[in-house]
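Structural characterization, general
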Amino acid sequence: MAVAVAPGWLSWYTWKFFLSPLVYRDEPRELPYLIPFVGHTFSMVTGAHRMFLDGRKRFGNNPWAVTIMGESLYVIPSAEHVQAVYRAPKTLDFDPFIKEMLSKYGITAHTASKMFDTLPGQTKNWMETSIENFKLQMHPGTKLDFVQKKLLSFIDDLLVWDRLRGRMVLEDGEEEKVVSLYSWSEMVIVDAQTRAFFDEALYEKCPDLLAHFQIYEDESWKLPMDLPDFATKALRSSKSSIEGGLRQYLQLHKDKRPNDSWIITTLCEDMDRLGLEETQKVHVLFSFYRVMNANAYKLVFWIITHLLFDPRLMEEIKAEIEPAFRGQEHSAPDLDYLFDSCPLLVSTCEEVLRLTNWPIGTRTVQVDTAIGGKKLRQGRKLLMPYRAMHFDSTVFGADAAAFNPRRSMENKALVTNKSYRPFGGAAYYCPGRYIARREVQMFTAVHAKAVRYISC
Ligand code: HEM
């Protein structure tokens, strides 16, 4: 059998990875793989970052291609070429990817076309207007100040002993509790964000919202995979429980949820104007709830973990933030001091974000387009693995792969460098980045101040 297959495999391999690059010199080269169709599927699931670094080592800054489940995807590794992709939003389009993601949340093609079609006489479609509204809410200004104040004060209230309960508590004693740091970070951040953006009534309609969200998050890696129903039971039932609450919440008269943030009120009104039916509105609201809550808690977890493994850094940060608490054991910190006068805290949070966050930008090639001197063919998808750019030693230094909490303190320009993209970029640049940075710094400071660690 092996003898029969070997010549065929050899011809395929020789053509694919030696001859075809010579014939199609103007097209991105393919990262070699051994099994046709399967390609790098396994690496993508188990070690995508390593695969992207491997590609970078082979092809440098040139666009290259990788095969996943029979589909060849382009990879754009350099900051300069990512900028070129951003400059071509029509030919290298993000919408097909968002539509695909929305369909996984249950949004139908009919609803998607209402959301993405620009009506005669209008300059923007519903989706573009909603993203603009998110920016109005989340970019510096009075609307941001309002939710930020609420959010930060909730974080402060939630990080206390009495609030250690529910799924995060692994062992519960009279004077001692064993708590999952991951779960704790998630509960506090998601709870505070929910309370800052929605009225308390949401918890009346869905008292176990946080527990359901935790299950959803744990299972969400299955979302892009189209697995059979039996494998996604917990994913679907947690989503359906949250959506049950959101449905009842939407049915409430506006007077019954007076503390909604501006963006939630506006989003709901805009969905009414678009004429979406109730179930579709609930799916849209769920998709926004998820995107708002899916990242910050993970960052907080990794920051605290780094501090736990680096007691000296923890002590330095404790000393740095001390004046923000005016020496009190538990008092709301002086936020201006925290954000403006604690460079080590800020730089540590940024460094953990650089190393642990895994954003990948995606686009679909609508017409043949040249990027970095290579022709990208119509109909193919391209990936921008931002995290691989975070390991570029020409930008971040020879120790780019290591944790250096002082990195962005010593080189302040790094945070705005084009190779640093933890929040994506262009039209879809995360609008939550201002509030995310602040809540994460605040959580870290309050946590470092309130918790005494003893090694055992
Ligand atoms: C550390 C925390 C966070 C990280 C690392 C993060 C990262 C990202 C990334 C990578 C994107 C996609 C950008 C792209 O495709 O180019 C995104 C989109 C988005 N983020 Fe964040 N985010 C965080 C926190 C937040 C928060 C707190 C909110 C809101 C309260 C938020 C709201 C959004 C929204 C609405 C989008 C979609 C924008 C669009 O589709 O145009 N994010 N975020």
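Computed from a predicted structure; not experimentally measured.

The rules behind each value
Within every chain, residues take consecutive numbers counted from 1 along the sequence as written. Per-residue local features of the predicted model are confined to residues with pLDDT of at least 70, and side-chain atom pairs are confined, for both listing and counting, to 80 or more; whole-chain, interface and lining totals are unaffected and use all residues. By convention in this description, side-chain values take in all heavy atoms of the structure and omit both hydrogens and water. Secondary structure elements are defined from DSSP: runs of H or I of at least 4 residues count as helices, runs of E of at least 2 residues count as strands, and each element is numbered from the N terminus. When we talk radius of gyration, it's over C-alpha atoms, and the globule rule is simply 2.2 Å times the number of residues to the 0.38. Between buried and exposed lies partly exposed: a residue is buried under 20% and exposed over 50% of the maximum accessible area for its type, with that area taken using a 1.4 Å probe on protein chains only. Between two residues, a contact is recorded if the distance between any of their heavy atoms is within 4.5 Å. Under the convention used here, a 1.4 Å probe and the Shrake-Rupley method define accessible areas, while residue burial counts only the protein chains that appear. For this count, His and the chain ends are skipped, Lys and Arg are scored as positive, and Asp and Glu as negative. Every charge is mapped onto a representative atom, which is NZ of Lys, CZ of Arg, CG of Asp or CD of Glu. Stacked, edge-to-face and tilted labels apply to pairs of Phe, Tyr and Trp rings (six-membered ring for Trp) whose centres lie within 6.5 Å, assigned for plane angles under 30 degrees, over 60, and everything in between, in that order. We define proximity as follows: a residue is near a molecule or strand when any one of its heavy atoms falls within 4 Å of that partner. Each polar contact in these results corresponds to two N or O atoms within 3.5 Å; when the atoms are within protein, one needs to be able to donate a hydrogen and the other to accept it, and residues that are neighboring in sequence are counted only if both atoms are side-chain atoms. Residues are grouped as follows: Ala, Val, Leu, Ile, Met, Phe, Trp, Tyr, Cys and Pro are nonpolar; Asp, Glu, Lys and Arg are charged; all remaining types, including Gly, are polar. Whether two strands pair depends on DSSP finding at least two bridges between them. Fitting a line to C-alpha atoms yields each axis, with helices limited to the stretch in contact; the angle taken between N-to-C directions then spans 0 to 180 degrees. Directions pointing from the helix axis toward each C-beta atom define the arc. Nonpolar cores were defined as sets of buried Ala, Val, Leu, Ile, Met, Phe, Trp, Tyr and Cys residues, with membership established by side-chain atoms within 4.5 Å. Each metal's donors are the N, O and S atoms found within 2.8 Å of it, except that Na, K and Ca use a 3.2 Å limit; water is left out, so coordination can look incomplete. A patch consists of residues whose relative accessible area exceeds 30% and which take part in no salt bridge; residues with like charges are grouped when within 9 Å of each other, and nonpolar side chains (Val, Leu, Ile, Met, Phe, Trp, Tyr) when within 5 Å. A carboxyl oxygen of Asp or Glu within 4 Å of a side-chain nitrogen of Lys or Arg is what we treat as a salt bridge. Here the angle decides the label: under 35 degrees means roughly parallel, over 145 means roughly antiparallel, 65 to 115 means roughly perpendicular, and every other value means oblique. Definitions for this section: a left-handed crossing has its near helix turned counterclockwise from the far helix by less than a right angle. A right-handed crossing has that turn clockwise. UniProt positions are given in the numbering used here, feature names are shortened, and annotations may be inferred rather than shown by experiment.

**Side note on the overall build of the protein**
A tally of regular secondary structure across the protein gives 21 helices and 10 strands. Computed over C-alpha atoms, the radius of gyration of the protein comes to 24 Å, within 12% of the 23 Å expected from 2.2 N^0.38 for 456 residues, which places it in the range of a compact globule. Taking the principal axes of the C-alpha coordinates as reference, the protein spans close to 70 × 55 × 45 Å. Put simply, the protein has 456 residues, and 50% of those count as buried. Excluding contacts between residues fewer than 6 apart, the proportion of contacts in the protein whose partners are at least 24 apart in sequence is 68%. Of the roughly 22700 Å² of accessible surface on the protein, a fraction of 56% belongs to carbon and sulfur atoms. Within the protein, one finds 56 positive and 56 negative side-chain charges whose respective centroids are separated by 6 Å.

**Description of the packing of aromatic side chains**
Two aromatic rings are characterised by how far apart their centres lie and by the angle between their planes. Summed over all chains, the structure comprises 22 aromatic pairs. When the centroid spacing of 5.0 Å and the interplanar angle of 70° are considered together, the rings of Phe301 and Trp302 count as edge-to-face. Among the residues examined, Phe301 registers a relative accessible area of 15% and is labelled buried. Judged by relative accessible area, Trp302 falls into the partly exposed class, the value being 38%. Taking the centre distance of 6.3 Å and the plane angle of 65° together, the rings of Phe396 and Tyr420 count as edge-to-face. Linking Phe396 in helix 19 (residues 393–396) with Tyr420 in the loop between helix 20 (407–410) and helix 21 (433–450), this pair joins segments that are 24 residues apart in sequence.

**Some words on the site of the ligand**
By nearness alone, 24 residues border the ligand, and Ile131, Gln193, Gly425, Tyr428 and Cys430 come closest of all. Between an oxygen atom of the ligand and a main-chain N or O atom of Gly425, the distance comes to 3.1 Å. Contributions of two or more residues to the shell around the ligand are made by helix 6 (126–138), helix 8 (181–197), helix 13 (278–293), helix 14 (296–308) and helix 21. By residue class, the composition of the shell around the ligand is 17 nonpolar, 6 polar and 1 charged.

**Points about the sheet that holds strand 10 (residues 381–385)**
Remark on secondary structure: sheet strands pair via backbone hydrogen bonds, oriented parallel or antiparallel. Judged by pairing direction, the sheet is mixed, and its 6 strands sit side by side in the order 1-2-3-10-7-4 without closing on themselves. Edge positions in the open sheet fall to strand 1 (29–30) and strand 4 (92–93), since each of these has one partner strand only. Bridging between strand 7 (residues 360–365) and strand 10 involves 5 bridges; their strand directions are antiparallel. Considered in strand 10, the bridge of Arg363 is made with Leu382. Each of strand 4, strand 7 and strand 10 touches helix 3 (residues 79–86); the most contacted strand, strand 10, lies at about 135° to it.

**What to know about helix 5 (residues 109–116)**
An α-helical segment advances 3.6 residues per turn. Residues three or four places apart therefore align on the same side. Considered for burial, the residues of helix 5 that qualify are Thr111, Ala112, Met115 and Phe116. Each buried residue of helix 5 lies within a common arc of 120° when the element is viewed along its axis, so the set occupies one face.

**Side note on the nonpolar core**
Residues Met115, Trp126, Ile155, Phe197 and Ile321 are the most contacted members of the largest nonpolar core, which totals 97 residues. Element by element, the count of residues in this core is highest for helix 8, at 9 residues. Leaving out residues up to four positions away in the same chain, Ile321 has contacts with Leu338, Cys342, Leu345, Ala445, Ala448 and Lys449. The next biggest cluster of nonpolar side chains, apart from the first, holds 16 residues, and it includes Val85, Tyr86, Ala88 and Val365.

**Quick word on the coordination of the iron atom of the ligand**
In this structure the iron atom of the ligand is ligated by exactly one protein donor, Cys430 (SG), at 2.3 Å. Note that Cys430 resides in the loop between helix 20 and helix 21.

**Some remarks on a negative patch on the surface**
Residues Glu171, Glu174, Glu175 and Glu176 make up a contiguous surface patch of negative charge. Summarising the element assignment, Glu174 is placed in the loop between strand 5 (169–172) and strand 6 (177–179). Residue classification places Glu174 among the exposed residues on the basis of a relative accessible area of 81%.

**Thoughts on the packing of helix 12 (residues 262–274) against helix 13**
Axis separation between helix 12 and helix 13 bottoms out at 11 Å; the angle between their running directions is 150°. In terms of axis orientation, helix 12 runs roughly antiparallel to helix 13. Between helix 12 and helix 13 the crossing geometry is right-handed. Every residue of helix 13 that contacts helix 12 at Ile264, Leu267, Met271 and Asp272 is listed here: Lys281, Val284, Leu285 and Phe288. Within the contact of helix 12 with helix 13, the residues separate by chemical class into 6 nonpolar, no polar and 2 charged.

**Some points on the UniProt feature "binding site: heme" (unreviewed entry) in the protein**
Look at the UniProt record and you will see "binding site: heme" (unreviewed entry) annotated at Cys430. Residue classification places Cys430 among the partly exposed positions, given a relative accessible area of 26%.

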